[in-house]
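Each chain, letter by letter, is given below.
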Amino acid sequence: MGTFLNSIRCLLNKFLIYIIGVSLFSIACKENIKKRETPYILDIPDAFPEMPIPSHNPLTVEKVELGRKLFFDPILSVDSTISCASCHIPQIAFADHEPQAKGIHGKIGMRNTPTLYNIGYAPYLFMEGKVPDLETQVIAPVQHEEEMGLNLRDLLKRLEKHPYYKKQFQLAFGEKPTPGNFVRALACFERTLISGNSSYDQYINGDTNALTAQQKLGMELFFSERLQCSKCHGGFNFTNYGFENIGLYVHYEDIGLARATADTNDIGKFKVPTLRNISITYPYMHNGSLQTLNDVIEFYNEGGKKNPNKSSLIKPLKLSEAEKKALISFLESLTEEQAYTKYLQP
Ligand code: HEC
Ligand code: HEC
């Protein structure tokens, strides 16, 4: 009888230990995935303004890391072949070398992939500016038939089943994956993509040897009243974010801003692109129709095609061969080759 009671007690003890163990373990697990909000400090170059961050989506280390993983993960496309980074390639300043973007099943889109550096400063997105912010933009490529082709509901199901994402969404948002926190995480990562340490930047920060004599001549031309490049490509990011028709065509196949406004005066107007990292983001223009910087300078030198909406700033420039070379050499000084490396690792 005594031994029987003892073994019951022993079993009970084991059971209690087991219960305590299990509860401690689950408490520990819950502790592990408590939301964390470690502030993420942006590395903003001295000559850059502060970046506007929406109050509903402050930058945290946890969100940036989640967004980074999502950005590089082909899980975002219907057949798991394409990630954001397939088109926005880090080594190519988060752009690519295709004239027009290539999405799932090799489908060709209508536009050239733009760089994502300094995208956190853009007051609106896309070449006709129809998207107001990075959070709203994310949905477009994922659901776009020619880019990633995945239904958002199916994507969230995939993420919920995935051990890393299950944990990291809890850590970053204290919630399972939702459309709102999916787009917030990607937007947070995109805001960390900053490039502002090219030879040109080193020069304006006081290193007078950072530019060659030829580049300095090109810089003078670029900012001159005669060429007027900086009237549109001005400011810290070499764009005034305006919409302009530069006379690339007499008849535009892609009508640009007019797609958003339905105003014929806007046909052929496109958002002025940044010129940072321009030497590695070829080919150029909204449709990738100009292959080299040489082609671009020849185009501007001729003053563009006849078009009723062409900006009055675009006219024949009568550049000498030496001036063309200097201008190209200056544009090359806006490239920061190694900026991408810090985005490949957490
Ligand atoms: C198939 C290639 C492709 C994929 C995949 C892709 N993009 Fe893009 N992206 C483009 C092209 C092309 C544009 C220009 C579209 C336009 O302006 O009409 C663009 C534009 C953008 C812009 C606006 C840039 C600007 O200057 O206005 C952002 C931001 C962006 N993409 C982020 C992303 C993110 C985040 C992902 C992943 C969820 C992604 N892209 C996936 C090709 C791609
Ligand atoms: C009236 C405003 C305006 C002026 C002046 C101007 N640009 Fe542009 N630039 C644009 C716009 C808009 C685009 C994009 C056009 C398109 O995609 O069809 C562009 C495109 C470019 C591109 C290709 C960018 C890319 O990523 O594809 C380069 C390089 C460039 N411009 C350099 C210059 C230089 C150099 C000058 C001076 C000789 C100059 N621009 C003058 C508005 C301007």
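Our structure's up above, just so we're on the same page.
These numbers were taken from a predicted model, which means no experiment stands behind them. (Residues numbered from 1 in each chain as written. Chains lettered and ligands numbered in written order. Predicted model: local features only at pLDDT ≥ 70, side-chain atom pairs only at ≥ 80, totals over all residues. Heavy atoms only, no water.)

Q: I would appreciate a short explanation of the overall build of the protein in the present structure.
A: A tally of regular secondary structure across the protein gives 14 helices and two strands. Buried positions account for 47% of the 346 residues belonging to the protein. Of the contacts formed within the protein by residues at least 6 apart in sequence, a portion of 67% connects residues at least 24 apart. Approximately 17,900 Å² of the protein is accessible, and the part contributed by carbon and sulfur atoms is 58%. (Helix = DSSP H or I, 4+ residues; strand = E, 2+ residues; numbered from the N terminus. Buried < 20%, exposed > 50% of the residue type's maximum accessible area, 1.4 Å probe, protein only. Contact = heavy atoms within 4.5 Å. Areas by Shrake-Rupley, 256 points an atom, 1.4 Å probe, with all protein chains shown as cover.)

Q: Sorry, what's going on with the side chain of Asn118 here?
A: Counting through the fold element by element, Asn118 comes out in the loop between helix H3 (84–87) and helix H4 (134–137). Within polar-contact distance, the side chain of Asn118 engages the backbone nitrogen of Ser195 at 2.9 Å. In this view, Asn118 contacts Phe48, Leu193, Ile194, Ser195, Asn237, Tyr241 and Arg276; residues no more than four positions away in its chain are not counted. (Polar contact = N/O pair within 3.5 Å; in protein donor to acceptor, adjacent residues only side chain to side chain.)

Q: So what exactly am I meant to see when it comes to the coordination of the iron atom of ligand 1 here?
A: Any two of four tetrahedral donors ideally make an angle of 109.5 degrees at the metal, while pairs among six octahedral donors ideally make 90 or 180 degrees. The sole protein-derived ligand of the iron atom of ligand 1 is His88 (NE2), positioned 2.1 Å away. Along the chain, His88 turns up in the loop between H3 and H4. (Donors = N, O, S within 2.8 Å, 3.2 Å for Na, K, Ca; no water.)

Q: In this structure, what is going on with the pattern of salt bridges? I would like to understand it.
A: Close approach of charged atoms lets side chains of opposite charge pair. Under the counting rule described, the total for this entry stands at 15 salt bridges. Across the pair Asp201 and Arg276 runs a salt bridge whose closest N-O atoms are separated by 2.8 Å. Residue Asp201 is found in helix H9 (residues 199–204), and its partner Arg276 is found in the loop between strand S2 (270–271) and helix H13 (293–302); the two are separated by 75 residues along the sequence. Residue Asp201 is classed as buried on the basis of its relative accessible area of 2%. (Salt bridge = Lys/Arg side-chain N within 4 Å of Asp/Glu carboxyl O.)

Q: What should I look at first to understand helix H6 (residues 152–161) in this one?
A: Those residues of H6 not exposed but buried are Leu152, Leu155, Leu156 and Leu159. Within H6, the buried residues cover an arc of 100° as seen down the axis, which keeps them to one side. Exposed and facing more than 90 degrees away from the buried side of H6 are Arg153 and Lys161. Buried positions along H6 lie against helix H2 (61–71), helix H5 (139–143), helix H7 (163–173) and helix H8 (179–191). The backbone nitrogen of Arg153 lies 2.8 Å from a side-chain oxygen of the residue at the head of H6, namely Asn151. (Arc of directions from axis to C-beta.)

Q: Help me understand the site of ligand 1, please; the structure alone is not making it clear to me.
A: Near ligand 1, the surroundings consist of 26 residues, among which Cys84, Cys87, His88, Phe126 and Lys271 are the closest. One of the side-chain N or O atoms of Arg111 is found 2.8 Å from an oxygen atom in ligand 1. Between ligand 1 and Phe126, the relevant distance is 2.7 Å, taken from an oxygen atom to a main-chain nitrogen or oxygen of the residue. Those elements giving two or more residues to the shell around ligand 1 turn out to be H3, H4 and H5. (Near = heavy atom within 4 Å.)

Q: What is the right way to read the site of ligand 2 from this model?
A: In the vicinity of ligand 2, 23 residues are found, and the nearest of them are Cys229, Cys232, His233, His286 and Tyr300. Met285 places a main-chain nitrogen or oxygen 2.7 Å from an oxygen atom of ligand 2. For ligand 2, an oxygen atom lies 2.7 Å from a polar atom in the backbone of His286. At the level of secondary structure, the elements contributing two or more residues to the shell around ligand 2 comprise helix H11 (229–232) and H13. For the shell around ligand 2, a count of residues per class yields 18 nonpolar, four polar and one charged. (Nonpolar A, V, L, I, M, F, W, Y, C, P; charged D, E, K, R; others polar.)

Q: So what exactly am I meant to see when it comes to H2 here?
A: In an α-helix, one turn spans 3.6 residues; hence positions three or four apart end up facing the same way. Of all 11 residues that make up H2, nine are buried, and the element is covered over most of its length. Packed against the buried residues of H2 are H3, H6, H7 and H8.

Q: Would you mind going over the side chain of His233 with me for this structure?
A: Within the secondary structure layout, His233 lies in the loop between H11 and strand S1 (243–244). Of the polar contacts made by the side chain of His233, one reaches the backbone oxygen of Phe238; its length is 3.4 Å.

Q: It is not clear to me how the environment of Leu293 should be interpreted in this structure. Could you clarify?
A: Tracing the sequence through the fold places Leu293 in helix H13. Along the primary structure Leu293 and Leu156 are separated by 137 residues, whereas in three dimensions their C-alpha atoms are 42 Å apart. Beyond its immediate chain neighbours, meaning those up to four positions away, Leu293 contacts Ile278, Ser279, Tyr284, Ile328, Leu331 and Glu332.

Q: What am I meant to see in the nonpolar core here?
A: One recurring pattern in soluble globular proteins is that nonpolar side chains are buried together. Counting residues in hydrophobic clusters, the biggest one holds 50 residues, and the most contacted among them are Leu70, Leu76, Leu159 and Phe182. For this core, the secondary-structure elements that each account for two or more residues are H2, H3, H6, H7 and H8. When residues in this core are grouped by element, the largest group, seven residues, is from H8. Filtering out sequence-adjacent residues up to four positions away, Leu76 remains in contact with Leu70, Cys84, Val142, Met148, Leu150, Leu155, Phe182 and Leu186. (Core = buried A, V, L, I, M, F, W, Y, C linked by side-chain atoms within 4.5 Å.)

Q: It is not clear to me how unusual backbone geometry should be interpreted in this structure. Could you clarify?
A: What is expected of a backbone is that most residues other than glycine have negative phi and most peptide bonds are trans. Looking along the chain, the bond that leaves Tyr282 and enters Pro283 is cis, with omega of -5°. The topology assignment puts Pro283 in the loop between S2 and H13. Positioned with a positive phi, Tyr241 is a non-glycine residue whose angle comes to about 60°. Mapped onto the elements of the fold, Tyr241 is located in the loop between H11 and S1. We classify Tyr241 as buried; its relative accessible area is 13%. One non-glycine residue with positive phi stands out, namely Asn277, at about 60°. Of note, Asn277 is situated in the loop between S2 and H13.

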